[in-house]
Structure formats: C-alpha cells, structure tokens
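Structural features, examined
Residues per chain are reported as follows:
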Amino acid sequence: MALKEQISASDPLSSTILISEKPVVEELHSKGSAVFKVYPGSSREKTVRITLPETIIGRAGECHFRLDVPSVSRFHARVFARGHEYVIEDLGSTNGTFVNGVQVLRCVLRHSDQIQLGQAKIYFFEERACHRKAV
Amino acid sequence: MPQEGSVKDRQTMEVTFWGTRGSISTPGRGTEKYGGNTPCVSVTVGDIQIILDAGTGIRNLGLEVDGESIGKEKISRFHLFLSHTHWDHIQGLPFFQPLYEPHAHLTVYGSRKKGRFLSSILKGQMDVDYFPIGLSELAATLDIQEISSRVIRLGPVMVDWEEQSFHPGGSVRYRLSLNGKKIVYATDVELDRLYEPTISKREREAHLKRYIKFVENADILIADGQYTEEEYPKKAGWGHTSIPVLIDLALQAQVRQLAIFHHDPRRLDAEIDDLWRMGLERIKAKGSHMTLFWAREGMTLAI
Ligand SMILES: [Zn+2]
Ligand SMILES: [Zn+2]
C-alpha cells in the first residue's frame with residue numbers, strides 16, 4: 001500500500017510520508033527497526049518507518065521521504081543501513097545536514113537524535129524493547 | 001539521482017571520530033551514543049589518509065578502509081600521528097587491518113622527547129608476551145619516525161605540532177592546515193594546571209600565549225575535556241582538563257567548533273547530554289556562537 005501525504009510549504013516543518021511498496025528487507029528486521037518522527041509528542045506527530053536499505057530524503061518528488069520545504073535541497077540526504085546501524089549522509093545539500101545541531105557529512109544515528117535539514121527538523125528513534133516507552 | 005555525498009577532493013578535510021573515550025574502552029549500552037573506543041580520529045583529504053592516535057577505534061577504521069580501498073590501490077598509505085604512547089592511544093595498532101596487507105604503507109610520527117625510542121615503545125606492546133605477532137613480522141611497510149622538523153607536508157596538507165606541558169610523560173598537539181582551514185588535535189593535557197598558584201604569572205602568560213596562538217581560529221578544536229569542574233580537584237595531576245577551562249580557552253582563541261574529547265570512562269551518554277546542555281548555556285551566556293559538541297564515534301565532519 002502506498003500512502004502519500006503532501007503538506008504545503010506554508011507548513012514548513014511538516015513532512016511527506018511515503019510508505020514503501022518495495023518488500024521490506026528481511027535483514028533489516030533482524031536488526032530492530034527505526035523510525036523518523038516529525039513533531040514527536042504533539043497531536044501533529046507523524047511517523048515514517050525506515051524500511052529500505054537506503055532512504056533518500058529531500059524536496060524532489062522521487063525521494064522516499066519527501067520534505068516539501070524550500071530550504072531543503074531536492075536530494076538532501078540519504079539514510080542507509082551499515083551493519084547494525086543507520087547512517088545519515090549529506091548529499092551535497094545547499095543548507096547542510098545537522099545532527100543535534102552539529103553540521104555533519106555523515107553520522108551514525110542514535111536513538112532520539114534530532115536531524116535538521118535546512119529548516120526542517122525530524123527525529124530518529126530506534127525501536128528496541130527498552131526504547132519503546134520513550135517512543 | 002543524487003550525487004555521491006563523500007567529498008573525495010583535495011579541498012576538504014573529512015574528519016571522522018573512530019574513538020572518543022579516554023583511558024580505557026567502555027563497551028555497553030550506556031556509552032553507545034558517544035562511543036566506547038579509545039582515541040582515534042581520521043582526517044582524509046582526497047587520497048591522503050591521516051590518523052590521529054591509534055586507540056581501539058583504529059580497528060574500525062582499518063576494517064572500513066580494508067573493505068573500501070585496499071587491493072583497489074586507492075588508500076594504502078597512512079600517516080599516523082601519535083599524541084603520546086599511553087595505552088589508550090596505541091592499543092588498537094596491532095588490530096589495524098592494513099598492517100597485514102603487503103601493499104599498505106604506514107608512517108608513524110611521534111615525539112622524540114621520550115627516554116626510549118618511539119619504535120622500541122611500539123615494538124614493546126607487540127612483544128610475544130603481549131601479542132602473537134611481532135612488529136617486524138607485519139606484511140605492511142612500517143616506518144616509525146620521531147618528528148624532527150617543525151612542519152610535515154603531506155600533499156596540500158601541512159601538519160605542525162607542539163609539545164604539551166601538562167601530561168604525565170608528555171604529549172603532543174597537532175595542527176592540520178589546508179587552504180586556510182585548520183584542525184587542531186590537542187588531547188591529554190591538563191590545562192587547569194595553568195591556574196595553579198605554584199605557577200608564576202609570567203609562566204602562565206607564556207603558556208597561555210603559546211596555546212592560544214596554536215589553536216586560534218581553528219575550524220575545529222578536538223580537545224581533552226575529561227572532567228567536570230566538580231570532579232577536577234580529585235583528579236588534579238592526572239593530566240586532563242576540566243570542561244569549563246577548555247570552553248573558556250576555546251572562546252578566547254575564537255575557535256569555530258569545539259569537539260570535547262577523551263570522555264571519562266565512567267561517563268554515561270545521558271550524563272554527556274546534560275554536560276552538553278550546560279556547556280551550551282555557558283557559551284550563550286558569553287555571547288558566543290561557537291559550535292560545541294562532545295565528539296561522537298561514527299561522526300564525520302567536512303572542514
Ligand atoms: Zn589518553
Ligand atoms: Zn595520556
């Protein structure tokens with residue numbers, strides 16, 4: 001099932017959610033899952049589950065996780081699985097990729113990291129038994 | 001489709017933290033965010049691979065470059081700069097995979113201010129009593145140099161260094177420059193000692209002037225900030241700096257980014273998060289825009 005929810009640029013920090021039609025990679029399941037959240041804890045909270053070995057985030061329609069915000073580059077960053085971890089990598093974006101306020105080229109993601117792409121802020125949560133309460 | 005994000009040109013220094021923990025490795029859930037491996041930082045400029053210290057973190061760096069480039073004859077030449085030879089800064093070396101590759105070439109640079117030669121110290125940790133393979137049995141070409149010149153040039157990168165005064169047995173700080181950009185690596189030094197009453201005003205000013213001049217306007221200063229202000233009095237003389245002293249000196253030197261490094265082995269991730277918040281408040285109160293963070297394993301910055 002593909003669910004695509006567009007939110008206009010006048011709502012700058014919102015996200016577009018795309019649930020992959022591709023089969024979930026089995027290998028990733030065994031590593032425990034992870035999600036991105038927009039507005040965590042609020043009534044507008046949105047969750048994007050990371051299911052692909054590589055998720056492209058950006059303003060372009062082709063992106064797996066679309067952020068329709070002007071300060072976000074068309075192909076802004078990618079998140080990929082490496083071993084038992086997820087890594088975010090900037091794709092030469094105009095306004096940079098920040099993890100907890102630090103501009104990074106690449107960074108292994110950890111539970112509750114705040115990722116800023118241009119003006120858009122998203123949060124990374126690992127879903128493990130002991131983390132479920134926090135999520 | 002998107003471009004490959006990795007900057008493989010010779011205009012950018014890619015700084016990666018492979019080990020940020022001080023003294024001893026600390027695996028476990030409580031330390032996985034900032035990492036449990038002991039000091040190792042890599043700085044890549046095109047095909048030039050510079051490594052700062054060979055703590056346990058160097059093992060993961062070795063595995064990555066081994067999978068990526070050895071055999072393809074891309075990066076097979078490494079330049080390792082040692083701050084000093086305390087265990088936490090050399091213990092990963094025997095586990096650096098490229099050492100077992102015949103095509104790899106590793107040059108190790110370190111201080112010549114030791115009672116023993118650097119090569120004999122490194123050889124010692126691979127003596128048969130400690131490790132099954134001797135330093136002379138490695139497949140890679142190994143060149144151990146005690147630094148003699150003020151400046152070492154590695155392609156477009158210039159490396160200069162200074163002996164640091166306040167660490168048991170001594171330590172060296174390094175500065176890497178490329179096109180006006182500067183990375184300073186200054187770990188294992190007890191800067192709090194500068195403020196001891198036993199040190200004369202003249203001596204203090206001379207030390208401070210030298211330090212500030214070296215780190216001034218650094219695009220990133222990677223520096224020892226092992227202790228909190230409260231912990232420091234009990235650890236005085238152990239050779240490590242307290243966080244507020246480091247932050248204030250970095251502000252004075254107009255450093256752009258301060259990466260606090262050599263985390264105390266007892267420090268849990270949640271505690272570092274709290275220290276980070278307090279550090280940011282200190283910087284804000286002083287009206288500065290310096291970026292402050294605690295160095296984290298698996299993080300790469302472009303300088
Ligand atoms: Zn150390
Ligand atoms: Zn030391």
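The rules behind the values
Residues numbered from 1 in each chain as written. Chains lettered and ligands numbered in written order. Predicted model: local features only at pLDDT ≥ 70, side-chain atom pairs only at ≥ 80, totals over all residues. Heavy atoms only, no water. Helix = DSSP H or I, 4+ residues; strand = E, 2+ residues; numbered from the N terminus. Polar contact = N/O pair within 3.5 Å; in protein donor to acceptor, adjacent residues only side chain to side chain. Contact = heavy atoms within 4.5 Å. Pairing = 2+ DSSP bridges. Buried area = accessible area lost by both parts, 1.4 Å probe. Salt bridge = Lys/Arg side-chain N within 4 Å of Asp/Glu carboxyl O. Buried < 20%, exposed > 50% of the residue type's maximum accessible area, 1.4 Å probe, protein only. Axes fitted to C-alpha atoms, helices over the stretch in contact; angles between N-to-C directions. Parallel < 35°, antiparallel > 145°, perpendicular 65-115°, else oblique. Left-handed = near helix turned anticlockwise from the far one by under 90°. Nonpolar A, V, L, I, M, F, W, Y, C, P; charged D, E, K, R; others polar. Donors = N, O, S within 2.8 Å, 3.2 Å for Na, K, Ca; no water. Core = buried A, V, L, I, M, F, W, Y, C linked by side-chain atoms within 4.5 Å. Phe/Tyr/Trp six-rings, centres within 6.5 Å; stacked < 30°, edge-to-face > 60°. Lys NZ or Arg CZ within 6 Å of the ring centre and 35° of its normal. Expected span 1.5 Å × (residues − 1). Arc of directions from axis to C-beta. Tetrahedral: all angles 85-135°; square planar, octahedral: opposite > 155°, others 65-115°.

Residues and elements named next belong to chain A. Within the secondary structure layout, T97 lies in strand β9 (residues 97-99). Looking at T97, its side chain comes within polar contact range of the side chain of D90, at 2.5 Å. Discounting chain neighbours no more than four positions away, the residues touching T97 are H76, A77, I88, D90, V102, Q103, V104, Q116 and L117.

Strand order in this open sheet of 12 strands is β6(A)-β5(A)-β7(A)-β8(A)-β11(A)-β14(B)-β1(B)-β2(B)-β3(B)-β4(B)-β5(B)-β6(B), and the pairing throughout is mixed. Edge positions in the sheet fall to β6 (65-66) of chain A together with β6 (141-146) of chain B, since each of these pairs with one other strand and no more. Sheet analysis places strand β5 (residues 105-110) of chain B next to β6(B), joined by six bridges and oriented parallel. Within the sheet, the bridge partner assigned to B:Y109 lies in β6(B) and is B:Q145.

Further remarks concern the interface of chain B and chain A. Residue-level contacts link 21 residues of chain B with 23 residues of chain A. Of the roughly 1,800 Å² buried between chain B and chain A, counting both surfaces, carbon and sulfur atoms make up 53%. One can count three salt bridges joining chain B with chain A. Ionic pairing is found between A:R82 and B:E64, a salt bridge with its closest N-O pair at 3.4 Å. For the side of chain B that touches chain A, the elements supplying multiple residues, two or more each, are β13 (291-294) and β14 (299-302) of chain B.

Quick look at the pattern of salt bridges now. A side chain of one charge can pair with a side chain of the opposite charge if their charged atoms are brought near each other. Within the structure shown, the criterion is met by 24 salt bridges over all chains. Among the salt bridges present, the one from A:R74 reaches A:E62, with a minimum N-O distance of 4.0 Å. With A:R74 in the loop between β6 and β7 (77-82) and A:E62 in the loop between β5 (54-58) and β6, this pair connects stretches of sequence that are 12 residues apart. For the salt bridge of B:R277 with B:D274, the shortest nitrogen-to-oxygen distance reads 2.8 Å. With B:R277 and B:D274 both in helix α7 (residues 269-285) and three residues apart, this pair spans about one turn of that helix. Judged by relative accessible area, B:D274 falls into the partly exposed class, the value being 39%. Residues joined in a network through salt bridges with shared partners are A:E54, A:R78, A:E89, A:R106 and B:E14.

Looking now at the packing of helix α4 (residues 201-215) of chain B against helix α6 (residues 243-252) of chain B. All names here are of chain B. Where α4 meets α6, the axes come as close as 9 Å, and the angle between the chain directions of the two elements is 65 degrees. Put simply, α4 runs roughly perpendicular to α6. Regarding α4 and α6, the two cross each other, and that crossing is right-handed. Contact with α4, carried on its side by L208, Y211 and I212, involves L246, L249 and Q252 of α6 and no other residues of that element. Residues that form the contact of α4 with α6 fall into these classes: five nonpolar, one polar and no charged.

Attention now moves to the coordination of the zinc ion (ligand 2). Residues and elements named next belong to chain B. H84 (NE2), H86 (ND1), H167 (NE2) and D188 (OD) make up the full set of protein donors to the zinc ion (ligand 2), lying at 2.1 to 2.5 Å. Here the donor residues of the zinc ion (ligand 2) are spaced in sequence according to H-x1-H-x80-H-x20-D. Separating the zinc ion (ligand 2) from the zinc ion (ligand 1) is a gap of 3.5 Å, which D188 spans by donating to each of them. Linking H86 in the loop between β4 (77-81) and α2 (87-90) with H167 in the loop between β8 (157-164) and β9 (171-178), this pair joins segments that are 81 residues apart in sequence. Using a relative accessible area of 32% as the deciding quantity, one classes H86 as partly exposed. By relative accessible area, H167 is classed as buried at 8%.

All right, on to the nonpolar core then. Soluble globular proteins: nonpolar side chains tend toward being buried together. One finds A:F36, B:F17, B:Y174, B:L176, B:L221, B:I222 and B:L258 to be the most contacted residues of the largest nonpolar core, which totals 91 residues. In terms of residue count, α6(B) provides more of this core than any other element does, seven residues in total. When residues no more than four places from it in sequence are discounted, the contact partners of B:L258 are B:L221, B:A223, B:L246, B:I247, B:A250, B:M290, B:T291, B:L292 and B:F293. Membership of the second largest hydrophobic core comes to 24 residues, among which are B:C40, B:L80, B:L122 and B:A140.

Okay, the packing of aromatic side chains next. With the rule as written, the count across this model stands at 10 aromatic pairs over all chains. Aromatic pair A:Y86 and A:F124: ring centres 6.1 Å apart, planes at 65 degrees, arrangement edge-to-face. Here the residue A:Y86 occupies a position in strand β8 (residues 85-90), and A:F124 occupies one in strand β13 (residues 120-127), the gap between them amounting to 38 residues. With a centroid separation of 6.4 Å and 80 degrees between ring planes, the pair formed by B:F17 and B:F293 is classed as edge-to-face. Separated by 276 residues along the polypeptide, B:F17 in strand β1 (residues 14-19) and B:F293 in strand β13 bring together distant segments of the chain. We note that B:F17, like B:F293, is buried. Within the aromatic cluster, the residues linked to one another by ring pairs are A:F36, A:F65, A:Y86 and A:F124. A cation sits over an aromatic face here: A:R78 above A:F80, 4.1 Å from the ring centre.

In a regular helix each residue adds 1.5 Å, so 17 residues correspond to 24 Å; α7(B) covers 24 Å between its end C-alpha atoms and thus fits that length. Those residues of α7(B) lying buried are B:D269, B:I272, B:D273, B:L275, B:W276, B:G279 and B:I283. Down the axis of α7(B), the buried set is contained in an arc of 165 degrees. They therefore lie on one face. Across α7(B) from its buried face, at more than 90 degrees, point the exposed residues B:A270, B:E281, B:K284 and B:A285. Turning to α7(B), the residues buried within the fold contact β10 (102-104) of chain A together with α6 and β13 of chain B.

Moving on, we get to the coordination of the zinc ion (ligand 1). All names here are of chain B. Those protein atoms acting as donors to the zinc ion (ligand 1) are D88 (OD), H89 (NE2), D188 (OD) and H262 (NE2), and they sit at 2.1 to 2.3 Å. Seen from the zinc ion (ligand 1), its four donor atoms lie at angles of 92 to 167 degrees, and the figure they make is irregular. According to the relative accessible area criterion, D88 is buried, its value standing at 7%. A relative accessible area of 0% places H89 in the buried class.

Structural measurements only, silent on function.
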